[in-house]
Amino acid sequence: MFRLAVANLIQNKTRLAISVGGIALALTLVLFFGAIFHGAQGRLTAYIDNAGADVWVSQQGVQTMHMSESALPASVVDEVEAVTGVDQAVAILYTEGMVQANGKENIAYVFGVPPGATLGQPWHIVDGASAPGPGQIIIDHAIASRMGVSVGDQVTALGRQLTIAGLTSGTSSLVSAVSFVRFDDFAQARGQGQVVSFVLVKVSPGEDPSTVAARIGGQVSGVTVQTREEFASQERKLVSDMSADIINIMNTAGYLTGLAVVALTIYIATVSRRREYGVLKAIGVRNSRLYQVVVVQGLISVGMGLIAGLGLTLLLSIIIPRFNELIILSVSGSSLLQVATVSAVIAIIASLLPARQLASLEPVTIIRKGG
Amino acid sequence: MSEAGLHVSHLTKRFGAGDTEVTAVKDISLDVAPGEVVLIMGPSGSGKTTLLLMLGGLLKPTEGTIQLNDLELNALSERHLPDVRLRNFGFIFQDFNLLSALNVQDNVAIAAELMGMGRKVAVKKARTLLTELGLGHRLRFSPEKLSGGEKQRVAFARALVNDPALILADEPTANLDSSHGHDTMRLLRDIANERGRSVVIVSHDQRIKDIADRVLWLEDGQFKTAVMMATDPVCGMAVEQGKALSADWNGTTYHFCARGCRGEFAENPASFVSHPARVTG
């Protein structure tokens, strides 16, 4: 019956193309939004992932960088550095602000990093200096391009005029970008001389970050200590929670569209072959076998639509960043698994309606009337 | 090959109830021996199709029994009937009813595969059967590219592929031209003779009488015995001699379906006698 299902599908190539195309577009919608979200999420934790710290120390109760404020006394740095297994401890300042130039502005995650520190510095410089000097700032090149500025130009950040010393890459997203200033410039601008936001910790070679984190937590009071993975995970979770509703709405719309397309296609394909299915029932084919035909048709249609949708999304993920570097598309394995699973469920649900048609189909009806 | 033997006893089918009750088939008994071709004729609404459907296990009789070999059809539950149909009956339909998405070979092989035959064996059997039926050069063709006669031969192959004991044919020549109609009739006869199948045909086609071992006339749900049939020499329709209009010419009595045919005949009898009146008991 698998052969019949495939043959039924490919017999009307136009209908198959419309069906697969419709499903592909609907699933592309889901995959596309998922990829944008995942891409933005990846950029959101770019600093955490690339700062070089194995352990992050923040104010007690503060588990994320965004939507919270961490303030630690500067003395904490020495306390942390004294803990066994800590190789380096670097204090940084952090705030969410705006970078402005030429009448344009962009949300920025501004980091104040001590000069010469081996942790927390920019990691991918595409132009200019690799660390900000006094009165200087390093911003993402996509943001610079959007604002029409380059190395040597002035921008406003932290309420001061700063000169662009260098440009980074891979540090911006649709909603924000990472910027770097000197620690003392940041402190001066904010008047936070004795306060730091976070302490970045590099553990000694051979030490386990979790173990060191636990030690710091046990020996230093008033702090929350997390490994890099834990900190990044909390950050992603925060953003997921904040975006869950809108993402769910988008996904539901995409799935429902896909369901409607595949259901309609399979229903029409089944009804148009009503007589043929009646013949099969007459010669002795059970309903369950006919259901298999319909379900296989649904699964194949959705499978092809999923592959086409994935291909389209991957293509978009290559093309779109070429036109707008702030939009990063990243298809995650979990997102793909989720879409594939829901798609399979959609195929089965879409097959229920024609299955009912088949169940009620009397083989007698295919015999001519009269006699 | 399974041994065939159809035994129908006191078969009745009623539809509706009370004032709206209609008895489509009344107390019919019939035996069909292996290798026998039985043609059931009769006017529209006489119960032919209802009888055929019951014989094929597609419709439950109200009363009576249908026995095929050791199998009592009406004692079987709905759950078992599909398998019984698949293994014991070959259906041939008026409109061929081939699966348009499958090629000729797969249209036949699918019936064998459904019965549990492996794909390779099923295809081999289908190819052999189709080649025997003169379609060896059409195995990969789509049904829509076949002539009516070829489609009907594919339907025959599908009906035969599971070696059924009984072939049930519903108006097998209705959509065929004269030439293909004759081919079909010859095939039905061959199936009975060479393969030992019992064949029950429901048809209006007078030509089938040439290959039938028995012709039964069904009217008002009952077989009319000893009915003398004749062919209207003008239109070729089967008519019951006792009830039909008649006219004598050149020492022979001719029977007609209506006044129009008799009038036409009367104007120029010689032009119609090339179709001599035939009488069937």
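For clarity, every value in this text was computed on a predicted model and none was experimentally measured.

So, how was this worked out
Residues numbered from 1 in each chain as written. Chains lettered and ligands numbered in written order. Predicted model: local features only at pLDDT ≥ 70, side-chain atom pairs only at ≥ 80, totals over all residues. Heavy atoms only, no water. Helix = DSSP H or I, 4+ residues; strand = E, 2+ residues; numbered from the N terminus. Contact = heavy atoms within 4.5 Å. Areas by Shrake-Rupley, 256 points an atom, 1.4 Å probe, with all protein chains shown as cover. Phe/Tyr/Trp six-rings, centres within 6.5 Å; stacked < 30°, edge-to-face > 60°. Buried < 20%, exposed > 50% of the residue type's maximum accessible area, 1.4 Å probe, protein only. Patch = residues over 30% accessible without salt bridge, like charges linked within 9 Å, V, L, I, M, F, W, Y side chains within 5 Å. Salt bridge = Lys/Arg side-chain N within 4 Å of Asp/Glu carboxyl O. Buried area = accessible area lost by both parts, 1.4 Å probe. Nonpolar A, V, L, I, M, F, W, Y, C, P; charged D, E, K, R; others polar. Pairing = 2+ DSSP bridges. Axes fitted to C-alpha atoms, helices over the stretch in contact; angles between N-to-C directions. Disulfide = S-S within 2.5 Å. Core = buried A, V, L, I, M, F, W, Y, C linked by side-chain atoms within 4.5 Å. Parallel < 35°, antiparallel > 145°, perpendicular 65-115°, else oblique. Left-handed = near helix turned anticlockwise from the far one by under 90°.

Undergrad: Would you mind going over the overall build of chain B in detail, with residue names and values included?
TA: For chain B, the helix and strand inventory stands at seven helices and 14 strands. Intrachain contacts of chain B at a sequence separation of at least 6 include 66% that bridge at least 24 residues. Accessible surface, chain B: about 12000 Å² in total, of which carbon and sulfur atoms supply 49%.

Undergrad: Outline the packing of aromatic side chains, listing residues and values.
TA: Per the counting criterion, the structure on display carries 18 aromatic pairs over all chains. Geometrically, the ring pair formed by F265 of chain B and F272 of chain B is tilted, given 6.0 Å between the ring centres and 35° between the ring planes. Each member of the pair, F265 of chain B as well as F272 of chain B, carries the same accessibility label: buried. Within the aromatic cluster, the residues linked to one another by ring pairs are Y47, W56, Y94, Y109, F111, W123, F180, F198 and F231 of chain A.

Undergrad: Would you mind going over a nonpolar patch on the surface in detail, with residue names and values included?
TA: A cluster of nonpolar side chains, contributed by L25, L312, L315, I318, I319 and F323 of chain A, occupies part of the molecular surface with about 610 Å² of accessible area. Per-element accounting of the nonpolar patch gives the leading share, five residues, to helix 10 (residues 287-323) of chain A.

Undergrad: Go over the interface of chain B and chain A, please, and point to the residues and values.
TA: The partner chain A presents 25 residues to the 33 residues of chain B that form the contact. Taking both partners together, chain B and chain A bury about 2600 Å²; carbon and sulfur atoms supply 58% of that area. Our count for the contact surface shared by chain B and chain A stands at one salt bridge. D83 of chain B serves as the salt-bridge partner of R286 of chain A, at 3.3 Å between the closest nitrogen and oxygen. Among the secondary structure elements, those contributing two or more residues to the side of chain B that touches chain A are helix 1 (48-55), helix 2 (81-88) and helix 3 (104-114) of chain B. Looking at which element gives the most residues to the side of chain B that touches chain A, the answer is helix 2 of chain B, with four residues. Within the side of chain B that touches chain A, the residues separate by chemical class into 14 nonpolar, nine polar and ten charged.

Undergrad: Just give me the short version of the sheet that holds strand 7 (residues 166-170) of chain B, but keep the residues and values in it.
TA: All names here are of chain B. If you trace the six strands from one edge of the open sheet to the other, you get 6-7-8-3-9-10, paired in mixed fashion. The open sheet has two edge strands, strand 6 (89-92) and strand 10 (222-224), and neither has a second partner. Adjacent strand axes in the sheet meet at a mean angle of 25°, parallel and antiparallel pairs treated alike. Summarising the sheet, strand 3 (residues 37-41) and strand 8 (residues 198-202) pair through four bridges and their orientation is parallel. In the sheet register, V37 faces strand 8, and the bridge partner there is V199. Contacts between helix 1 and the sheet are confined to strand 3, strand 6, strand 7, strand 8, strand 9 (214-219) and strand 10, with strand 7 contributing the most and set at about 150° to the helix. The sheet strands contacting helix 6 (residues 178-195) are strand 3, strand 6, strand 7 and strand 8, and the helix crosses strand 8 at an angle near 155°.

Undergrad: Before we move on, can you summarise the pairing of strand 8 (residues 160-168) of chain A with the specific residues and values?
TA: All names here are of chain A. For strand 5 (residues 125-128) and strand 8, the ladder comprises three bridges, and the chain directions are antiparallel. Opposite D127, over in strand 8, you have L167 as the bridge partner. Examined bridge by bridge, strand 6 (residues 136-140) and strand 8 share five bridges and lie parallel to one another. Note that in strand 8 the partner of I139 across the bridge is L167. Summarising the sheet, strand 7 (residues 154-157) and strand 8 pair through four bridges and their orientation is antiparallel. Counted as the bridge partner of Q154 is T163 from strand 8.

Undergrad: Run through the state of the cysteines, naming residues and quoting values.
TA: Evaluated as defined, the whole model comprises zero disulfides over all chains. This cysteine, C261 of chain B, is not joined by any disulfide, and C257 of chain B carries the nearest cysteine sulfur, 3.7 Å off.

Undergrad: Explain the nonpolar core residue by residue, including any values.
TA: Judged by nonpolar contacts, the single largest core of 67 residues is most densely connected at M1 and L280 of chain A together with L6, I40, L51 and V200 of chain B. Each residue touching M1 of chain A, except ones within four places of it in the same chain, is listed here: L280, V285, R289, L290 and V293 of chain A together with I110 and L114 of chain B. Core analysis: the next-biggest nonpolar cluster, separate from the first, contains 44 residues, V77, A157, L167 and V212 of chain A among them.

Undergrad: Summarise the packing of helix 2 (residues 13-44) of chain A against helix 11 (residues 333-360) of chain A; cite the residues concerned and give the values.
TA: All names here are of chain A. It is the contact of helix 2 with helix 11, at a shortest axis distance of 10 Å, that shows an interaxial angle of 150°. On the basis of their axis angle, the class for helix 2 and helix 11 is roughly antiparallel. Relative to helix 11, the crossing made by helix 2 is right-handed. Here L27, V30 and L31 of helix 2 lie close against helix 11, whose contacting residues are S335, L336, V339 and S343. Grouping the constituent residues of the contact of helix 2 with helix 11 by class yields five nonpolar, two polar and no charged.

Undergrad: Please give an account of the sheet that holds strand 1 (residues 6-15) of chain B that cites residues and values.
TA: Sheets are built from strands that pair by backbone hydrogen bonding, the pairs being arranged parallel or antiparallel. Residue and element names in this part refer to chain B. Overall, antiparallel pairing links the four strands, which are arranged 2-1-4-5 in an open sheet. At either margin of the open sheet sits one strand with a lone partner, and together these are strand 2 (22-32) and strand 5 (71-72). Taken together, the seven bridges between strand 1 and strand 2 define a ladder with antiparallel strand orientation. Across the sheet, the residue bridging to L11 is I28, located in strand 2.

Undergrad: Could you give an account of the environment of L336 of chain A, with specific residues and numbers?
TA: Residues and elements named next belong to chain A. Residue placement: L336 occurs in helix 11. Look at L336 and you get partly exposed, because its relative accessible area is 27%. Each C-alpha atom of the pair L336 and L306 lies 9.2 Å from the other, and the pair is 30 residues apart in sequence. Those residues in contact with L336 that lie beyond four places of it in its chain are L31 and L310.

Undergrad: Before we move on, could you go through the pattern of salt bridges and cite the residues and values that matter?
TA: All names here are of chain B. Tallied over the entire structure, the rule returns 18 salt bridges over all chains. A salt bridge links D213 to R189; its shortest N-O distance comes to 3.0 Å. A residue pair is termed long-range when its members are at least 10 positions apart, and D213 in the loop between strand 8 and strand 9 and R189 in helix 6 qualify at 24 residues. According to the relative accessible area criterion, D213 is partly exposed, its value standing at 43%. In this structure R189 comes out as buried when scored by relative accessible area, which is 15%. Residues joined by salt bridges that share partners form a network here, namely R14, E21 and E63.

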